[in-house]
Amino acid sequence: MGTTGPLAGVKVIELGTMYAAPTAGRMLRDFGAEVIKVEDPTSGDYARQWIPQKDGLSLGFSRLNAGKRSVGIDLRNAEGRELVKRLVAGADVVIESFRPGRLEEWGLGFEELSKGNPGLVLARVSGFGQTGPNRLLPGFGTVAETASGFANINGWPESPPTSPPFGFADSIAGLSAAMGVSMALYKREKTGVGEEVDVALYEPLMFIIGDMFLKYTATGEIQQRIGNATGAASPRGIYETADGKFLSIAASNQTIATRLFAAMGKADVIQDPRYATNADRLRNNDEVQKMVIDWCGSMPRAEVLATLGKFEVVSAAVNDASDVVQDPHFLERTLVEITGNDVLGKVLMPGPVLHMKSYDGPVYDGVPGIGEHTAEILSTELSLTPEHLAELSGRGVISM
């Protein structure tokens, strides 16, 4: 197994804050890129203030930024912007999440940065994208989750539209930005020319729920909230077992549905005209669901899962955090430790979102303090002397 990631040698300057852009930076670092995070020299990335925290260190910030290097530079200061421009001249990628037009106001737009670095890839993450009537509107993940249509179909018929209790839209946008950067780097390999990647927070999420727009434009029907069902397959859902625990079952094709009824001791149900096909089952979904609910509720979860496993029915426990961090599969394949930070101690988080056979994956070696690497990077990358660094620090242009 190799230890050098596929993006080894790629240098990323991360100007983004909060969630989506730093997620993109983490995705690139996960596969070998060096990520230099440029932060406000006083307050740093606002994500440092996120809850939950341990002894003043944000756990969410730690997850997205472990292993990056932090440089404290004031982008509102002309000298600070000049330092960033010089750093970008030696970089491959810049990731930013300011409102459209802000970089241009600062003289850090794509055209300006590309003059000294024609192979530069600039990934821009914003609420509504760099074009269109709404491009200047501010936007966070919650706005993307509502504007995209997602919140309106999420939840139960009797509940209000619901946004998820985590950075859903931001995470998908960050993954999409990392994919865009990777494609732009591949293009650069062939042409030598950089690229501007434009990611709106709502668009990757809108892609995921895209069938609802086809449904409306084809039939005029507006998709409504239907709880744990999909409206596309039956039986499917989350079910409670006799011990008060929950599991999921996805009989999303005919073969699995047949095996599920057999597991339930009702193999002949599939011969009933009311339940013979997926379309039949959807028309009689309430009756189908009652059968599954009653069966799952008759046994403890472990017994239900064991029976479903014997019949190769697609199913899983509804895990909480304690279940996940004790599961041998997740411990072997998915969960990783943030090292080199005494405040955190031993903590686990999900590692890279995919695996490559020739690459072992990264080490998440510590969470940087604001400007922790300023002196190191500006002296090695820009040849600034200790005296110059001290002078800039004294005037608040940088922090060390």
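What you see is a predicted model; the values in this text were computed from it and never measured.

Before we go on, may I ask you to explain the overall build of the protein in this structure?
When its secondary structure is counted, the protein shows 18 helices and 15 strands. Viewed in the frame of its principal axes, the protein has a C-alpha envelope of about 85 × 50 × 40 Å. The buried share among the 400 residues of the protein stands at 45%. Within the protein, contacts between residues at least 6 apart in sequence are counted, and of these 69% link residues at least 24 apart. Per element, the accessible surface of the protein, about 20,000 Å² overall, is 56% carbon and sulfur. Charge centroids of the protein, computed over 37 positive and 49 negative side chains, lie 2 Å from each other.

Where do I start with the nonpolar core in this structure?
Note on soluble globular proteins: their nonpolar side chains tend to be buried together. V12, L28, V93 and I95 are the most contacted members of the largest nonpolar core, which totals 37 residues. For this core, the elements supplying multiple residues, two or more each, are α1 (20-30), β6 (93-96), β7 (121-126), α7 (150-153), α8 (168-191), β8 (195-200) and α9 (202-208). Considering every element that reaches this core, the biggest residue donor is α8, with 8 residues. Those residues in contact with V93 that sit more than four places away from it in its chain are V10, K11, V12, I13, L28, L120, V121, V181 and L185. The next biggest cluster of nonpolar side chains, apart from the first, holds 29 residues, and it includes I36, L75, L382 and L389.

It is not clear to me how the side chain of N341 should be interpreted in this structure. Could you clarify?
Tracing the sequence through the fold places N341 in the loop between β12 (335-339) and β13 (348-350). Those residues in contact with N341, other than ones at most four positions away along the chain, are L57 and V367.

Sorry if this is basic, but what is going on with the packing of aromatic side chains here?
Inspection of every chain in the model, using the stated rule, returns 6 aromatic pairs. When the centroid spacing of 5.8 Å and the interplanar angle of 40° are considered together, the rings of F128 and Y202 count as tilted. Residue F128 is located in the loop between β7 and α6 (141-147), and its partner Y202 is located in helix α9; the two are separated by 74 residues in the primary sequence. Across the pair, Y202 and F128 agree in class, each one buried. The interplanar angle of 55° and the centroid separation of 5.7 Å between the aromatic rings of F166 and F168 together place this pair among those described as tilted. Through successive ring pairs, a cluster of aromatic residues spans F150, F166 and F168.

Help me understand the pairing of β6, please; the structure alone is not making it clear to me.
Here is the key point about a regular strand: its side chains alternate between the two faces of the sheet. Side chains V93 and I95 project from β6 onto one buried face, and the interleaved V94 and E96 project onto a second face that is buried too. The pairing of strand β1 (residues 11-14) with β6 spans 3 bridges and is parallel. Residue E14 lies in a different strand from β6, and its bridge partner there is I95.

Is there a simple way to explain a nonpolar patch on the surface in this structure?
Together, L175, V353, L354 and M356 make up a nonpolar patch on the protein surface, roughly 330 Å² of accessible area in all. As for its placement among the helices and strands, L175 is situated in helix α8.

Just to check I follow, could you spell out the side chain of R301 for this structure?
For R301, the location among the structural elements is in helix α14 (residues 301-310). Comment: no salt bridge for buried R301; closest opposite-charge side chain is D323, at 4.5 Å. A polar contact is formed between the side chain of R301 and the backbone oxygen of F246, at a distance of 2.8 Å. Engagement of the side chain of R301 in a polar contact is seen with the backbone oxygen of V318, the distance being 3.4 Å.

Just checking my understanding: could you explain the sheet that holds β13 for this structure?
The strands making up a sheet associate through hydrogen bonds between their backbones, and the pairing can be parallel or antiparallel. Taking strand neighbours across the sheet as the criterion, the 3 strands line up as β13-β12-β14 in an open arrangement whose pairing is mixed. For this open sheet the edge positions go to β13 and β14 (364-365), each flanked by a neighbour on one side alone. With 3 bridges connecting them, β12 and β13 associate as antiparallel partners. By the bridge assignment for β13, E337 is matched with L348.

Just checking my understanding: could you explain the environment of I172 for this structure?
With respect to the helices, strands and loops of the structure, I172 is situated in helix α8. Each C-alpha atom of the pair I172 and A20 lies 7.8 Å from the other, and the pair is 152 residues apart in sequence. In contact with I172, not counting residues within four places along its chain, are P204, L205 and I208.

Looking at this structure, how should I read unusual backbone geometry?
Glycine aside, a negative phi is what most residues show, and trans is what most peptide bonds show. The omega torsion of the bond from I51 to P52 falls at 5°, within 30 degrees of zero and hence cis. Of note, P52 is situated in the loop between β2 (34-39) and β3 (53-54). Residues S234 and P235 are joined by a peptide bond in cis, for which omega reads 0°. The backbone of E312 sits at a positive phi, close to 55°, despite the residue not being glycine. Along the chain, the position of E312 falls in the loop between α14 and β11 (315-317).

Please explain the pairing of β7 as it appears in this structure.
For β7, the tally of buried residues reaches 6 of 6 residues, placing the bulk of the element in the interior. Here β6 runs beside β7; their pairing, made up of 4 bridges, is parallel. Looking across to β7, one finds that I95 is bridged to A123. Judged from the 6 bridges that link them, β7 and β8 form a sheet pairing that is parallel. Paired with V121 across the bridge in β8 is E195.

Calculation criteria
- Residues numbered from 1 in each chain as written.
- Predicted model: local features only at pLDDT ≥ 70, side-chain atom pairs only at ≥ 80, totals over all residues.
- Heavy atoms only, no water.
- Helix = DSSP H or I, 4+ residues; strand = E, 2+ residues; numbered from the N terminus.
- Buried < 20%, exposed > 50% of the residue type's maximum accessible area, 1.4 Å probe, protein only.
- Contact = heavy atoms within 4.5 Å.
- Areas by Shrake-Rupley, 256 points an atom, 1.4 Å probe, with all protein chains shown as cover.
- Lys, Arg positive; Asp, Glu negative; His and termini not counted.
- Charge placed at Lys NZ, Arg CZ, Asp CG, Glu CD.
- Core = buried A, V, L, I, M, F, W, Y, C linked by side-chain atoms within 4.5 Å.
- Phe/Tyr/Trp six-rings, centres within 6.5 Å; stacked < 30°, edge-to-face > 60°.
- Pairing = 2+ DSSP bridges.
- Patch = residues over 30% accessible without salt bridge, like charges linked within 9 Å, V, L, I, M, F, W, Y side chains within 5 Å.
- Salt bridge = Lys/Arg side-chain N within 4 Å of Asp/Glu carboxyl O.
- Polar contact = N/O pair within 3.5 Å; in protein donor to acceptor, adjacent residues only side chain to side chain.

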